[in-house]
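Each chain, letter by letter, is given below.
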Amino acid sequence: MKKLLKGLRQFKSNYFSTHQELFEQLSHGQKPRVLFITCSDSRIDPNLITNAEVGELFVIRNAGNIIPPFGAANGGEGAAVEYAVQALGVEHIIVCGHSHCGAMKGLLKRSSLEDEMPLVYEWLRHAEATRQLLKENYTHLEGETLLEVAVAENVLTQIENLRTYPVIHSKLYRNKLHLHAWIYHIETGEVLEYDSIRHDFVTPDENAMLEAYPVQCVLSLPEDVEDLLPGHRQSQTQPEVAEAERDVMMPWLSSDQVARIRSGSNGRR
Ligand SMILES: [Zn+2]
């Protein structure tokens, strides 16, 4: 605790005193462009890993970077999402999972948590779609490998949960909001982003498409009507991913994707 109190003094005399103008500006209001959703894990620092300034990220943190689907829980997550999207007008939402996530380890043995940590057990209910998917589609994986896939699948599950929010659904329709699924590797400092066309996690600057997580809802309106829609997207058709490129044992993740996920923790071996 002493260390933190000393830190408070140092912050005031160092960082604050050299950024007074910024703090004066921020005292009048915030205008973050990004809602950053990540795990409570102490090893992640959203501002540090993105080199973002104070006031640039609106942050939601909890065990497992979970956002319950709309109406499924009366917690703070939904309210914070709604506020960020509607009142602050954020343009990007990032769900950032991470390697060695304790919450995901818990999810993989959820039933054993019921007695010891009933609140965690209950909370992980909102990642049940992830658990079910793993249980039925990744029976051939175990240990660290299964955990890495759990982290990856969970950020995608939470992206789907975000889509259930009316404010998000509506902004996606107008192309005013972009959803991003990230994985942060603690041991390498690397961040990978999901590319839904390639079904792969790639480095964010690797693909121009990463500007926006493509909207999967495909409208089939006549062309002339589509042209009249606000924020009309020129092409909503996603190219087919060659079946051969996918690992048939992992319909959702490609083998390349799994290799990339693994490279975070195993790449140095
Ligand atoms: Zn975690």
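Analysis parameters
- Residues numbered from 1 in each chain as written.
- Predicted model: local features only at pLDDT ≥ 70, side-chain atom pairs only at ≥ 80, totals over all residues.
- Heavy atoms only, no water.
- Helix = DSSP H or I, 4+ residues; strand = E, 2+ residues; numbered from the N terminus.
- Buried < 20%, exposed > 50% of the residue type's maximum accessible area, 1.4 Å probe, protein only.
- Contact = heavy atoms within 4.5 Å.
- Areas by Shrake-Rupley, 256 points an atom, 1.4 Å probe, with all protein chains shown as cover.
- Donors = N, O, S within 2.8 Å, 3.2 Å for Na, K, Ca; no water.
- Pairing = 2+ DSSP bridges.
- Axes fitted to C-alpha atoms, helices over the stretch in contact; angles between N-to-C directions.
- Parallel < 35°, antiparallel > 145°, perpendicular 65-115°, else oblique.
- Left-handed = near helix turned anticlockwise from the far one by under 90°.
- Nonpolar A, V, L, I, M, F, W, Y, C, P; charged D, E, K, R; others polar.
- Salt bridge = Lys/Arg side-chain N within 4 Å of Asp/Glu carboxyl O.

### Looking at the overall build of the chain
The secondary structure content of the chain amounts to twelve helices and six strands. Classification of the 269 residues of the chain by burial places 43% in the buried group. The long-range fraction of contacts in the chain, counting pairs at least 24 apart against all pairs at least 6 apart in sequence, stands at 65%. A total accessible area of about 14,800 Å² is found for the chain, and carbon and sulfur atoms account for 54% of it.

### Quick word on the coordination of the zinc ion
Each protein donor to the zinc ion is listed here as C39 (SG), H98 (NE2) and C101 (SG); together their distances run 2.0 to 2.3 Å. If you list the donors of the zinc ion from N- to C-terminus, the spacing comes out as C-x58-H-x2-C. The same class applies to H98 and to C101, which are both buried.

### Some points on the pairing of strand β3 (residues 92-98)
Counting buried positions along β3 gives six out of seven residues, so the element sits mostly inside the fold. Of the strand pairs in this sheet, strand β1 (residues 34-39) and β3 are connected by five bridges, and their pairing is parallel. The partner of F36 across the bridge, within β3, is I94. Relative to strand β4 (residues 178-184), β3 runs parallel, the two being bridged by seven bridges. Note that in β4 the partner of C96 across the bridge is W182.

### What to know about the packing of helix α8 (residues 128-137) against helix α9 (residues 143-163)
The N-to-C vectors of α8 and α9 enclose an angle of 135°; their axes lie 9 Å apart at closest approach. Overall, the two elements α8 and α9 adopt an arrangement that is oblique. The chirality of how α8 crosses α9 is right-handed. Along the contact surface, α8 presents A129, T130, L133 and L134, while α9 presents L146, V149, A150, E153, N154 and T157. Here the contact of α8 with α9 is built from residues that sort into six nonpolar, three polar and one charged.

### Section: unusual backbone geometry
Residues apart from glycine generally show negative phi values, whereas peptide bonds are mostly found in trans. At N65, a position not held by glycine, the phi torsion is positive, near 40°. Tracing the chain through its elements places N65 in the loop between β2 (57-62) and α4 (76-87). Positive phi values are uncommon outside glycine, yet H100 reaches one of about 60°. Tracing the backbone through its elements, the reader meets H100 in the loop between β3 and α5 (102-108). Owing to a relative accessible area of 25%, H100 belongs among the partly exposed residues under this scheme.

### Examining the sheet that holds β2
Judged by pairing direction, the sheet is mixed, and its six strands sit side by side in the order β2-β1-β3-β4-β5-β6 without closing on themselves. In this open sheet, the two edge strands, each paired with only one partner strand, are β2 and β6 (200-202). Put simply, the sheet's adjacent strands are angled 30° from each other on average, direction ignored. Judged from the three bridges that link them, β4 and strand β5 (residues 191-195) form a sheet pairing that is antiparallel.

### Notes on the pattern of salt bridges
Summed over the entire model, instances satisfying the criterion amount to seven salt bridges. The residue R125 makes a salt bridge to E122 at a minimum N-O spacing of 2.6 Å. You can call R125 partly exposed: its relative accessible area is 40%. Accessibility expressed as a relative area gives 37% for E122, which makes it partly exposed. Between E128 and R131 there is a salt bridge, with the nearest N and O atoms lying 2.9 Å from each other. On the criterion of helical spacing, the pair formed by E128 and R131 is a turn pair, its members being three residues apart in helix α8. The network of salt bridges with shared partners includes R110, E128 and R131.

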